[in-house]
Amino acid sequence: MSLATHDGPPPAHKPASLDGYVELVGAEEINELRALARRLEGKEIQMVNSTAVGGGVAEILNRLVPLARDLGVTIRWDVITGGLDFFEITKSFHNALQGGPYQGKPEDFEIFLAYNEQNRARLRFDAAVTVIHDPQPVALINARSNHSGHWIWRCHIDLSRPNPTVWKFLETYVLRYDGAIFSSPDFSRQLPIPQYLFYPSIDPLAEKNRELEPEFIRQVLERYGIDPSRPILAQISRFDRWKDPVGVIRAYRIVKKYFDCQLVLAGGSATDDPEGSAVLEEVRAAAGDDPDIHVLELPPWSPLEINALQRAATVVIQKSLREGFGLTVTEALWKGKPVVASAVGGIPAQVIHKHTGLLAHSVEGTAYQIRFLLSHPDIAQRLGQQGRHHVLEHFLITSYLKRYLTLSVHLLAHC
Ligand code: UDP
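**Q** Sorry, what's going on with the site of the ligand here?
**A** Around the ligand, a shell composed of 15 residues is seen, among which G56, R238, K243, G268 and E331 lie nearest. Contacts to the ligand include K208, whose side-chain N or O atom sits 2.9 Å from an oxygen atom. Contact distances for the ligand include 2.4 Å between an oxygen atom and a backbone N or O atom of G268. In isolation the ligand offers 540 Å² of accessible surface; the protein chains occlude 89% of this area.

**Q** I tried to follow helix α7 (residues 214-223) on my own but got confused; where do I start?
**A** One full turn of an α-helix is made of 3.6 residues, so residues set three or four places apart face in the same direction. Buried within α7 are the following residues: I217, V220 and L221. Considered in projection along α7, the buried side chains sweep an arc of 100 degrees and stay on one side of the axis. Positive backbone phi, at 70 degrees, marks G225, one or two positions downstream of α7.

**Q** Before we go on, may I ask you to explain the nonpolar core in this structure?
**A** The nonpolar side chains of a soluble globular protein tend to be buried with one another. Counting residues in hydrophobic clusters, the biggest one holds 71 residues, and the most contacted among them are M47, L64 and L309. For this core, the leading source of residues is helix α15 (residues 397-413), giving nine residues. Apart from residues no more than four positions distant in its own chain, M47 is found in contact with L61, L64, I75, R76, W77, D78, V131, H133 and Y404. Counting residues in hydrophobic clusters, the runner-up holds 37 residues, among them V48, F86, F109 and L123.

**Q** What am I meant to see in the environment of S145 here?
**A** Considering the arrangement of structural elements, one finds S145 in the loop between β3 (129-133) and β4 (150-154). Judged by its relative accessible area of 38%, S145 is partly exposed. When the C-alpha atoms of S145 and F125 are compared, they prove to be 9.5 Å apart, with 20 residues separating the residues in sequence.

**Q** Is there a simple way to explain helix α14 (residues 377-394) in this structure?
**A** Compared with an ideal rise of 1.5 Å per residue, which puts 18 residues at 26 Å, α14 spans 26 Å between its outermost C-alpha atoms and is within 8% of the ideal. Those residues of α14 that are buried are in contact with α11 (327-334), α12 (347-350), β12 (358-360) and α13 (363-375).

**Q** Explain the sheet that holds strand β9 (residues 293-297) here, please?
**A** As a general point, the strands of a sheet are linked pairwise by backbone hydrogen bonds and lie either parallel or antiparallel. Sheet architecture is open: six strands sit in the order β9-β8-β7-β10-β11-β12, paired in parallel fashion. Sheet topology places β9 and β12 at the edges, where each strand pairs with a single neighbour. Put simply, the sheet's adjacent strands are angled 20 degrees from each other on average, direction ignored. The pairing of strand β7 (residues 232-236) with strand β10 (residues 315-318) spans two bridges and is classified as parallel. Bridging from a neighbouring strand, L233 pairs with V315 of β10. Along the sheet face, helix α8 (residues 245-256) touches β7, β8 (262-267), β9 and β10 and points at about 170 degrees away from the line of β8.

Quick notes on the rules
Residues numbered from 1 in each chain as written. Predicted model: local features only at pLDDT ≥ 70, side-chain atom pairs only at ≥ 80, totals over all residues. Heavy atoms only, no water. Near = heavy atom within 4 Å. Polar contact = N/O pair within 3.5 Å; in protein donor to acceptor, adjacent residues only side chain to side chain. Areas by Shrake-Rupley, 256 points an atom, 1.4 Å probe, with all protein chains shown as cover. Buried < 20%, exposed > 50% of the residue type's maximum accessible area, 1.4 Å probe, protein only. Helix = DSSP H or I, 4+ residues; strand = E, 2+ residues; numbered from the N terminus. Arc of directions from axis to C-beta. Core = buried A, V, L, I, M, F, W, Y, C linked by side-chain atoms within 4.5 Å. Contact = heavy atoms within 4.5 Å. Expected span 1.5 Å × (residues − 1). Pairing = 2+ DSSP bridges. Axes fitted to C-alpha atoms, helices over the stretch in contact; angles between N-to-C directions.

Spelled out as structure tokens, the structure:
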């Protein structure tokens, strides 16, 4: 087993300034962040995850880290490395933890631990607060010594029905943390450590979410051969079976009998998800030769294209079978889009049925709700506006940063 670098180095964090957020969230909120940051002076916070690009965790850290630095917080972001064997095993854990079948081999646990051990030896763990994201690096808790700071496990995935074999193994490590953060009350487990609820968030000023010129959106549609004059249904997600892209195609086919619409399925891959290309093949096979289905394989870093496709969509779909939170839903709601999404994981916290979007439980249900929105554009528009307001109130990066800072201040006050 070699420690092949399956991932690039963490991205160079672009400088960011919190001043730009005053207009959106108010000066008081930003002043609170500054006051919390002052209380962390001289203390370091460390974030550790398994990919620098692709997926929701990297998306958040790419924005959170520079903003925390703008506040004067000393924050470090480390990305663990591992060979393909490690990421295949962690993906099988991920699938099993979200309730899928598990057919791993007994030695998988050894390989998992060996890679964690290599990363433990490679990285520095002397921060006042260390936040370990998701199962991949969970065993880094072995680096904890008597002089260590506080260790928090931040779980982003849907743990409501975990496979018992995999959860039992991971739990022995989770129990050794000072606390665990989950994205929904449904995911919390019976644990003897404190549990915290942090809804994930989006950055309204990031390229992924900022306003775009209509001309740029038009150019993106033209580049991909999408007709702006007919309704566009879009699901933007990694090609992952949990996102059910084939189910989206089936729902589209039902809608297509009533509306001359197009479907955009756009996504790239994440460096910690080796299954993407197989799922993409399944999607292409299901799409067949329908010229109105656009399966777009995006490069891992395409925020402006994603932004444009989300803004161009008539209806945004997120037909996940399991979902930690679904930042793609947050992004669509922020853009004022009507959303049809599955009632799973963290999605119902965002899509409040008939208030900020429509929920569905099946292919047929998804198709039904899309048809409803296409035939009631006024209601679709109102849901989108209410969705944007909901995101403003609850799911912006400033609230998320506040939670991390508050938790850190709290932990350090009780050490
Ligand atoms: N995303 C991306 N490129 C893609 C597909 C998704 O940058 O090809 C982004 C998407 O815009 C969102 C994040 O990756 O910000 C996905 O987060 P989500 O919580 O929806 O799902 P995850 O991939 O973490 O399961």
